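Structural characterization, general
If you want the building blocks of each chain, they are given just below.
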Amino acid sequence: MKINKKSVLQLGVCIIFFGGLGILINNLTINLIRTGLGFNFTWLFKPASFALAEHPLPYTSSDSYAWAIFIGWLNSLKVIVSSLILATFLGTLIGLARTGKNFLLGIISAGYITVVRQTPLLLQLMFWYFVGFLSLNDNMFIQIKNIFNISNEGIEFSGLTFSSEFLALFLGLSVFTSAYIAEVIRGGILSVSGGQWEAFRSLGLSEREGITRIIIPQALPAIIPGLTSQYLNLAKNSTLAIAVGYSDIYAINDTIINQTGRAIECFIILLISFLLLNLVITNTMEIMNKLTLKSKKYG
Amino acid sequence: MRRLVSGIVGLAALLTGCATTNQDNSSRLNLIKNRNELICGVSGKIPGFSFLKSDGSYQGLDVDICKAFAAAIIGDSEKVQFRPLTAAERFTAIKTGEIDLLSRNTTFTLSRDSLGGNGLTFAPVVFHDGQGLMVKKESRINSLKDLANKSICVGSGTTTEQNINDAFESASLPYTPIKYQDLNQVVAGYLQGRCAAMTSDRSQLAAARSGFKNPKEHIILDDVLSKEPLAPASDGQDQKLSDAMRWVIFSLISAEEQGITKVNIDQKVQIAKDNPQLKPLRRFLGIDGGLGEKIGLSNDFVIKVISSTGNYGEIYERHLGQNSDVPIPRGLNELYNKGGVHISPPFN
């Protein structure tokens, strides 16, 4: 009797949900046809006819829109992965400094977290770009010939060039996310009971050894879920690239929408790209989480 | 897998939710009249065309065109709500019905005007522009060729981006485009020296330069990269509204040709009423012929328009004339009989 009631209820919820979804999809299709915007993806293979400043793979303006979108995706991936690494590194250092015994370091890291977390990311990006990189003058730094060259066009380092746009986005995202990661790390460390600190100290382990071998392994299960959501935020925040002139997937789609008028198709492509990217991040972190839990159990 | 499925379902729900626009098939012309307000999409950031003044009101040529539409459709040029839009937002805003029409420095092109493209319909051109390049005088750059291998600041998502590419590609010159989302960023990037040149429509370059600290240190190159006929636009499937818009603009041009101004309009109406033999004037001012009704407006719409905004020449003088903040020589924007290209078909 009880089971029966439950399944009827579930069936009802399903009918309401899928019915609602059906109405919405129907509505979308009707409206798309009415406004003459029926789904069509053939434009993807027409020449894009716009140039890109940054392209990790060969690209010319006679390549297809699909290739341009792929280049944009690579550009996004480049900035997301590199920011992810720097943000984790910075965040861990600051998180440790914030929880450590050194008073001065504690104050500085607390100040850093406060300032970074309480100003909007968009403003920070604009600051890095317009105030930070664009005001660099050619004469400001001594150029060590052919090795290291800084100007407002970016940084050139032994043949590798990084544009100001990329650097502003990379640093902006890393610094912003690192403040959040620092708090996640601090939360994780504080979740380990104070007795553990006393225990390793009484065993004669050094502070560094104690943290890396006793505290961090126990803090990791509390850190990883928080870290995952920060990584996801970082990936999504990378679309603010458009504010500093970096050609990420969103900026390129913005141009394509204007040239082709295919807003809905472009947004579907964008949403699916980010969905897939974030699924990769979530699943990788899930695996890491399982591994740490396992190692704790048997370690 | 479960997450992927739930993600896609969520995505579909989100998308469908966004696309629910009203299904009213009748013209927006009636909607505007019933609402007693015209919702007009503008840029809001281009001095001389549409610019937000310190008192919160909008000013410029594009703004006055909106006011002329409101005067013709509602009978009151002040009944306009302005919506500032970015270049990327503007077409979607028409398609979703967020705005009634667009009067925002929009270039009239085939793909924008066609059902297979952006699905809009353009009203007659209100300003003939062309894309240009602005450089710093001290850079000693004199033509397109001097810009080879240099960075150029461009606004993204506009025909500007395509034109600059076409120009450099056909001259086989390599260049680096630095793309920003709006003109203010293009200007900031250019002034800070990120690019050797900035490119935009020449009118916008002139407008931007008027706000620089030292306008005289910047020159606009003679190279004109494109024809940029700027025109208001509306939904391509709403012929009633586009008819009305088309003839309101022609009335502005025709009034200038006939010497009918904001000041002498009442006098001209009186003359037309007193002289039955002045047939073209009587038709134009709606005393005979019932022309206004045919496009869903009142017969005296021309009188309402001219008495509130003045004719095309007066609008131009007010915002882009020699004594305005953004002086741009009329050039192509003169009437056809004075060396320009503006001409109105007959009001018959």
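It should be emphasised that the depicted structure is a prediction, and the values quoted were computed from it without experimental measurement.

All right, on to the confidence of the model for chain A then. Mean pLDDT over chain A works out to 87, with 93% of the residues at or above the 70 mark. Within chain A, the element-level pLDDT minimum falls on strand β1 (residues 148-151) of chain A, averaging 75, and the maximum on helix α5 (residues 164-190) of chain A, averaging 94.

Taken as a whole, the largest pocket spans an internal volume of roughly 1,000 Å³. The set of elements that each furnish at least two residues to the lining of the largest pocket consists of β1, β2 (154-157) and β3 (160-163) of chain A together with β11 (176-180) of chain B. Split by residue class, the lining of the largest pocket holds 14 nonpolar, 16 polar and 13 charged.

A few words on the packing of aromatic side chains. Applying the stated criterion across every chain yields a total of 24 aromatic pairs over all chains. Between the aromatic rings of B:W247 and B:F250, the centroid separation amounts to 5.1 Å while the plane-to-plane angle is 65°, which identifies the pairing as edge-to-face. In this pair, B:W247 and B:F250 are both assigned in helix α9 (residues 239-257), 3 residues apart and thus about one turn of the helix distant. Centroid distance B:Y312 to B:Y316: 6.2 Å. Interplanar angle 50°. Geometry classified as tilted. Of the two residues, B:Y312 and B:Y316 both sit in helix α14 (residues 312-320), 4 residues apart, roughly one turn of that helix. Assigned by exposure class, B:Y312 and B:Y316 land together as buried. In this structure, A:R117 is placed above the aromatic ring of A:Y180, and the distance from its NZ or CZ to the ring centre is 5.8 Å. Just above the ring of B:Y316 sits the side chain of B:R330; from NZ or CZ to the centre is 5.2 Å.

A few words now on empty space enclosed by the protein. In this structure the tally under the stated criterion is 1 cavity of 30 Å³ or more. In this model, the largest cavity occupies a volume close to 80 Å³. For the largest cavity, the full set of lining residues is A:L52, A:I242, A:G245, A:Y246, A:S247, A:A251, A:I252, A:T255, B:S156, B:K179, B:Y180 and B:Q181. Elements represented by at least two residues in the lining of the largest cavity include exactly α8 (249-260) of chain A together with β11 of chain B.

Glancing now at the side chain of B:H342. All names here are of chain B. By secondary structure assignment, the location of H342 is in the segment after α14. Looking at H342, the relative accessible area reads 3%, which means it is buried. Each residue touching H342, except ones within four places of it in the same chain, is listed here: V125, V126, H128, I253, Y312, L332, N333, E334, L335 and Y336.

Let us look at the state of the cysteines. What we call a disulfide is simply a covalent bond connecting the sulfur atoms of a pair of cysteines. All names here are of chain B. Within the structure shown, the criterion is met by 2 disulfides over all chains. The residue that forms a disulfide with C153 is C195, at a sulfur-sulfur distance of 1.8 Å. Residues C153 and C195 are joined through a disulfide that is right-handed, its torsion about the S-S bond being 70°. One end of the pair, C153, is in strand β10 (residues 151-155); the other, C195, is in the loop between α7 (183-191) and β12 (197-201), with 42 residues separating them in the sequence. Neither residue differs from the other here; C153 and C195 are each classed as buried. For chain B, the disulfide bridges join cysteines in the arrangement 1-2, 3-4, where the cysteines are counted in sequence order.

This brings us to α9(B). Two residues of an α-helix separated by three or four positions point the same way, owing to the 3.6 residues in each turn. Residues and elements named next belong to chain B. The end-to-end C-alpha distance of α9, which contains 19 residues, comes to 27 Å, matching closely the 27 Å that a straight helix rising 1.5 Å per residue would cover. Counting buried positions along α9 yields 14 of 19 residues, so the element is predominantly enclosed. Just downstream of α9, G259 is the residue with a positive phi angle, here 70°.

The subject of this paragraph is the nonpolar core. A:F50, A:Y129, A:L169, A:I256, B:Y180 and B:M198 are the most contacted members of the largest nonpolar core, which has 77 residues in total. Core analysis: the second largest hydrophobic core is formed by 60 residues, B:V80, B:I253, B:F301 and B:I315 among them.

Attention shifts here to the confidence of the model for chain B. Per-residue confidence for chain B gives a mean pLDDT of 88; residues scoring 70 or more make up 93%. Here residues 17-24 of chain B is modelled with pLDDT under 50, and outside its nearest four sequence neighbours on either side it reaches 13 contacts, counting other chains as well.

This part is about the pairing of β2(A). Within a regular strand, the side chains alternate between the two sheet faces. All names here are of chain A. With 4 bridges joining them, β1 and β2 adopt antiparallel strand pairing. Residue pairing for β2: F148 is matched across the bridge by F157. Hairpin connection between β1 and β2: a loop of 2 residues separates the two successive antiparallel strands. By the bridge criterion, 4 bridges tie β2 to β3 in an arrangement that is antiparallel.

How each quantity is defined
Residues numbered from 1 in each chain as written. Chains lettered and ligands numbered in written order. Predicted model: local features only at pLDDT ≥ 70, side-chain atom pairs only at ≥ 80, totals over all residues. Heavy atoms only, no water. pLDDT = per-residue confidence, 0-100. Helix = DSSP H or I, 4+ residues; strand = E, 2+ residues; numbered from the N terminus. 1 Å grid on protein atoms, 1.4 Å probe; cavity = no way out; pocket = protein on both sides within 12 Å on 5 of 7 lines; lining within 4 Å. Points joined across faces, edges and corners; volume = space filled by probe spheres on them. Nonpolar A, V, L, I, M, F, W, Y, C, P; charged D, E, K, R; others polar. Phe/Tyr/Trp six-rings, centres within 6.5 Å; stacked < 30°, edge-to-face > 60°. Buried < 20%, exposed > 50% of the residue type's maximum accessible area, 1.4 Å probe, protein only. Lys NZ or Arg CZ within 6 Å of the ring centre and 35° of its normal. Contact = heavy atoms within 4.5 Å. Disulfide = S-S within 2.5 Å. Expected span 1.5 Å × (residues − 1). Core = buried A, V, L, I, M, F, W, Y, C linked by side-chain atoms within 4.5 Å. Pairing = 2+ DSSP bridges.

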